[in-house]
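As a plain string of letters, each chain reads:
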Amino acid sequence: MAHEFEVIARYFTPPMPNGVVGGGDDCAYFSVSPQHQLATSADLLLEGRHFFPDVDPYLLGRKSLAVNLSDLAAAGARPLGCLLSLGLPTVNQEWLAAFSRGFLELAAEHGCPLIGGDTTRSQADLTIGVTVFGEVPNGQAPLRSRAQAQDDIWLTGELGAADVALRYLSGEWPLDGARLAATRSTLENPNPPVQFAQYARPYMHAAIDVSDGLAQDLTHILTASNCGAQLWYEALPIHAALLGLDASSQQAAVLAGGDVFQLCFTAPATHRDTLQKLAQNHGILLSRIGCITASSGLQILDAQKQPIALTRLGFNHFSAST
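Computed from a prediction, not measured in an experiment: that's the story for all the values here.

**Q** Lay out the overall build of the protein chain in plain terms, naming residues and giving numbers.
**A** When its secondary structure is counted, the protein chain shows 9 helices and 10 strands. Taken over C-alpha atoms, the radius of gyration comes to 20 Å for the protein chain, in line with the 20 Å a tight globule of 322 residues would show. C-alpha atoms of the protein chain, sized along the principal axes, occupy 65 × 55 × 35 Å. Buried positions account for 49% of the 322 residues belonging to the protein chain.

Right, dumping it as structure tokens:
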């Protein structure tokens, strides 16, 4: 029977960058640049709640870190390192090899080394906990409370595909093999715009990562900033695989679908050209999808400027459904 320290040593002890002290002591140690703040975030992923038991472990390793890197992107922060904690019902060497490969590959891609964590045996299902650390210049994080009236609202990436894949995989919708094939990677292998966000940060007022649904997550900014917004449905970057869906299903996936892990932010209109050039330089799809208003509330307007009513709210971690 494998010992927890053997698992850690074999799969989760990569070489440390210069100046970082990682696993092997009670704490890990790293430095933050002068005149910078530490940005940190933690996420917990539960089998059957946040991922399916038969998901590819390599992709699950990548996603486990990606959902946290998405939070650093919302802070415009440069990654410094991460912690990983696993509750394993059994020690499956093949599974661990694939999971760790995916996790460590994405960590290396973003300069976010694994510097510690914990491994234990769970009584039932797999549990994954990740904490990330990053740095951002003092006072320059685009907080949710900093949106201003007349700001543009921007979104990276596309909407709806991950939600559609989830509906098929969960059996909620009758299977459409071609549409599932076109959308599944967005659910299982998200790609948050971490590097772009660091360059765009000086031009942002407020930002949030879209994890639980665009309308719900944007509302968090509106509440914190005591303002409102108009969202233009025709301007939203809808994934091509959603074409052909009935209007109600498409709108629900686009406006309320979670697992997007892209960046929604506000910025003054004077920065439009600069932001578009930055997005082009980083190979990022960037869309201007609405504007911040002085009045409260979120208005979602169709092409004829008529309001669209939400048929489904965003993801609720305490709802009965997965």
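**Q** Quick rundown of the sheet that holds strand β10 (residues 297-301)? Include the residues and the values.
**A** The strand order β6-β8-β5-β9-β7-β10 describes an open sheet built from 6 strands, whose pairing is mixed. A strand with exactly one partner marks an edge of an open sheet, and here the two such strands are β6 (206-210) and β10. Each strand axis lies, on average, 25° off the axis of its neighbour in the sheet, ignoring direction. Two elements, strand β5 (residues 152-156) and strand β8 (residues 262-267), share 4 bridges in a ladder whose sense is antiparallel. Paired with Trp 154 across the bridge in β8 is Phe 265. Packed onto the sheet, helix α7 (residues 214-225) meets β5, β6, β7 (228-232), β8, β9 (286-293) and β10 and runs at close to 155° relative to β6.

**Q** An account of the nonpolar core is needed here, citing residue identities and associated values.
**A** Among the nonpolar cores identified, the biggest contains 36 residues, and Leu 214, Leu 218, Leu 231, Leu 236 and Cys 264 are the most heavily contacted of them. Elements that contribute at least two residues to this core include exactly β5, α4 (161-169), α5 (177-188), β6, α7, β7, α8 (247-256) and β9. Excluding residues within four positions of it along the chain, Cys 264 makes contact with Ile 153, Trp 154, Leu 155, Ala 206, Ala 207, Ile 208, Val 210, Leu 214, Leu 218 and Ile 221. Formed by 32 residues, the second largest nonpolar core is a distinct cluster that contains Ala 75, Ile 128, Val 130 and Val 132.

**Q** I'd love a proper account of unusual backbone geometry, names of residues and values included.
**A** Non-glycine residue Phe 261 carries a positive phi angle of around 55°. By secondary structure assignment, the location of Phe 261 is in the loop between α8 and β8. In the Ramachandran plot, Lys 305 falls in the positive-phi region, its phi being about 65° despite a non-glycine side chain. Among the structural elements, Lys 305 can be located in the segment after β10. Judged by its relative accessible area of 55%, Lys 305 falls in the exposed class.

**Q** Provide a residue-level description of the packing of α4 against α5, including the pertinent values.
**A** The geometry of α4 relative to α5 is characterised by a closest axis approach of 7 Å and an angle of 110° between their N-to-C directions. In terms of orientation, α4 lies roughly perpendicular with respect to α5. Considering how the two elements wind past one another, α4 and α5 form a crossing that is left-handed. For the pair formed by α4 and α5, the contact residues are Ala 161, Ala 162, Val 164, Ala 165, Leu 166, Tyr 168 and Leu 169 on the first element and Arg 179, Leu 180, Thr 183, Arg 184, Thr 186, Leu 187 and Glu 188 on the second.

**Q** Tell me about α4, residues and numbers included.
**A** Burial analysis of α4 places 8 of its 9 residues in the buried class, which makes it a mostly covered element. Every buried residue belonging to α4 is among Ala 161, Ala 162, Asp 163, Val 164, Ala 165, Leu 166, Arg 167 and Tyr 168, and all of these are buried. Elements in contact with the buried residues of α4: α5 and α8. Two residues or fewer past α4, Gly 171 is found with a positive phi of approximately 85°.

**Q** Can you break down the sheet that holds strand β4 (residues 127-137) residue by residue, with the values?
**A** Backbone hydrogen bonds hold the strands of a sheet together, and the pairing may be parallel or antiparallel. Taken together, the 4 strands give an open sheet; going across it, the order is β1-β4-β2-β3, and neighbouring strands pair in mixed fashion. Two strands close off the open sheet at either side, each with one partner strand: β1 (36-46) and β3 (114-121). Between one strand axis and the next, the sheet turns through 15° on average, direction left out of account. Contacting β1, β2 (78-88) and β4, helix α2 (residues 57-74) crosses the sheet at an angle of about 35° to β4. Across the sheet, helix α3 (residues 93-109) lies against β2, β3 and β4, angled at about 165° from β2, the strand it touches most.

**Q** Any chance you could break down the pattern of salt bridges for me, citing the residues and the numbers?
**A** Within this structure, the stated rule accounts for 10 salt bridges. Measuring nitrogen to oxygen at the nearest pair gives 2.7 Å for the salt bridge that ties Glu 172 to Arg 167. Assessed through its relative accessible area of 11%, Arg 167 is described here as buried. When salt bridges that share partners are traced, they join Arg 62, Glu 105 and Glu 109 into one network.

**Q** I'd like to hear about the packing of aromatic side chains, residue by residue, with values.
**A** On inspection of all chains with the given rule, the structure shows 5 aromatic pairs. Aromatic pair Tyr 168 and Trp 173: ring centres 5.6 Å apart, planes at 75°, arrangement edge-to-face. Overall, Trp 173 belongs to the buried group, its relative accessible area being 18%. Among the aromatic residues, ring-to-ring pairing joins Trp 95, Phe 99 and Phe 103 into one connected group.

Conventions we followed
Residues numbered from 1 in each chain as written. Predicted model: local features only at pLDDT ≥ 70, side-chain atom pairs only at ≥ 80, totals over all residues. Heavy atoms only, no water. Helix = DSSP H or I, 4+ residues; strand = E, 2+ residues; numbered from the N terminus. Rg over C-alpha atoms; globule rule 2.2 N^0.38 Å. Buried < 20%, exposed > 50% of the residue type's maximum accessible area, 1.4 Å probe, protein only. Pairing = 2+ DSSP bridges. Axes fitted to C-alpha atoms, helices over the stretch in contact; angles between N-to-C directions. Contact = heavy atoms within 4.5 Å. Core = buried A, V, L, I, M, F, W, Y, C linked by side-chain atoms within 4.5 Å. Parallel < 35°, antiparallel > 145°, perpendicular 65-115°, else oblique. Left-handed = near helix turned anticlockwise from the far one by under 90°. Salt bridge = Lys/Arg side-chain N within 4 Å of Asp/Glu carboxyl O. Phe/Tyr/Trp six-rings, centres within 6.5 Å; stacked < 30°, edge-to-face > 60°.

As far as function goes, none of this settles anything; it's purely spatial.
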